[in-house]
Amino acid sequence: MKSRRIVTGHDADGKSEIVSDQAAPRTSAFEHVPGFVASMLWSAEAHPVVPNHAGDPTAAAVSWLPPAGGSKLLLITFPPDAVMHGPAFDPLAAGREYLSTIPGLAEKFESEHPGMHTTDTLDYGVLLEGELWLELDGGRETLLHRHDVVVQQGTRHAWRNKSTQPATMLFVLIGAQRCVPQGHL
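Residues numbered from 1 in each chain as written. Predicted model: local features only at pLDDT ≥ 70, side-chain atom pairs only at ≥ 80, totals over all residues. Heavy atoms only, no water.

A.B. asks: Would you take a moment to explain the environment of Ala61 for this structure?
C.D. replies: Following the sequence through the fold, Ala61 ends up in the loop between helix H1 (57-60) and strand E5 (71-78). Sequence-wise, Ala61 and Met40 are 21 residues apart; in three dimensions their C-alpha atoms are separated by 9.2 Å. Among all residues touching Ala61, those that are not within four sequence positions of it are Arg26, Met40, Ser43 and Lys72. (Helix = DSSP H or I, 4+ residues; strand = E, 2+ residues; numbered from the N terminus. Contact = heavy atoms within 4.5 Å.)

What follows is the structure, encoded as structure tokens:
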């Protein structure tokens, strides 16, 4: 899915204006996971300042995960799971590609449970196209349809596309501090 990013700001007189109108600047179509596309549309550190006169913070972002209080806006297209089960799929090459393309997030994926990961973030996810399954601990799954919203509160999870069509999800990740619930040491 091609995405256009429009960024507003202020001119010299303080009037609102469009400061950028372009294709999503940090978009990667994966070679070793055909159909997987990840775009970082915006990045904000903790305590962002508006208007941002420092340029595009997305270009300088190293990690795909935000620091506590920061945020990331991501657009992810998930290919059908069949891509990862095909005879041409090379999990080692795919893993290296994840590490180089989506650093910070890729390290959170569990090698012994492909796709499962936990992040110290509060995530808002909106399914824009297709259908996805949200998998939680113990194999519990919930089917999402177009325009369903998930509020992900730092739980261990994976996204599964059991259909034959790609699924595209928009995520807002907000960096959080993890606390240990009472009685869970």
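A.B. asks: Would you take a moment to explain the sheet that holds strand E7 (residues 132-135) for this structure?
C.D. replies: Strand order across the open sheet formed by three strands is E8-E7-E10, with antiparallel pairing between neighbours. A strand with exactly one partner marks an edge of an open sheet, and here the two such strands are strand E8 (141-144) and strand E10 (158-160). Between one strand and the next, the sheet's axes are offset by a mean angle of 30°, whatever the strand orientation. (Pairing = 2+ DSSP bridges. Axes fitted to C-alpha atoms, helices over the stretch in contact; angles between N-to-C directions.)

A.B. asks: Even after reading the chapter, I still don't get a nonpolar patch on the surface, so can you show me in this structure?
C.D. replies: A cluster of nonpolar side chains, namely Tyr124, Val149 and Val151, defines an oily patch on the protein surface of about 270 Å² accessible area. By secondary structure assignment, the location of Val151 is in strand E9 (residues 149-153). Assessed through its relative accessible area of 48%, Val151 is described here as partly exposed. (Patch = residues over 30% accessible without salt bridge, like charges linked within 9 Å, V, L, I, M, F, W, Y side chains within 5 Å. Areas by Shrake-Rupley, 256 points an atom, 1.4 Å probe, with all protein chains shown as cover. Salt bridge = Lys/Arg side-chain N within 4 Å of Asp/Glu carboxyl O. Buried < 20%, exposed > 50% of the residue type's maximum accessible area, 1.4 Å probe, protein only.)

A.B. asks: I tried to follow helix H3 (residues 91-101) on my own but got confused; where do I start?
C.D. replies: Each full turn of the α-helix corresponds to 3.6 residues, which orients residues three or four apart in the same direction. Residues of H3 that are buried include every one of Ala93, Ala94, Glu97, Tyr98 and Thr101, and no others. Buried residues of H3, viewed axially, fall in a sector of 140°; they line one side. Counted as exposed and oriented over 90 degrees from the buried face of H3: Pro91, Leu92, Arg96 and Ser100. For H3, the secondary structure elements touched by its buried residues are strand E3 (26-29). Structurally, the start of H3 carries an N-cap: the backbone nitrogen of Leu92 is 3.1 Å from a side-chain oxygen of Asp90. (Arc of directions from axis to C-beta. Polar contact = N/O pair within 3.5 Å; in protein donor to acceptor, adjacent residues only side chain to side chain.)

A.B. asks: So what exactly am I meant to see when it comes to the side chain of Thr119 here?
C.D. replies: Turning to its location among the elements, Thr119 is positioned in the loop between H3 and strand E6 (121-129). Contacts of Thr119, omitting those with residues within four sequence positions, involve Leu65, Leu105, Lys108, Gly154 and Arg178.

A.B. asks: Sorry if this is basic, but what is going on with the environment of Val151 here?
C.D. replies: Separated by 27 residues in the primary sequence, Val151 and Tyr124 place their C-alpha atoms 4.8 Å from one another. Filtering out sequence-adjacent residues up to four positions away, Val151 remains in contact with Leu122, Asp123 and Tyr124.

A.B. asks: I'm lost on the pairing of E9 in this one. Help?
C.D. replies: Looking along a regular strand, one sees the side chains alternate between the two faces of the sheet. Going residue by residue along E9, you find Val150 and Gln152 tucked away on one face and Val149, Val151 and Gln153 left uncovered on the opposite face. Looking at chain direction, E6 and E9 are connected through five bridges and run antiparallel. Across the sheet, Asp123 pairs through a bridge with Gln152, a residue of E9.

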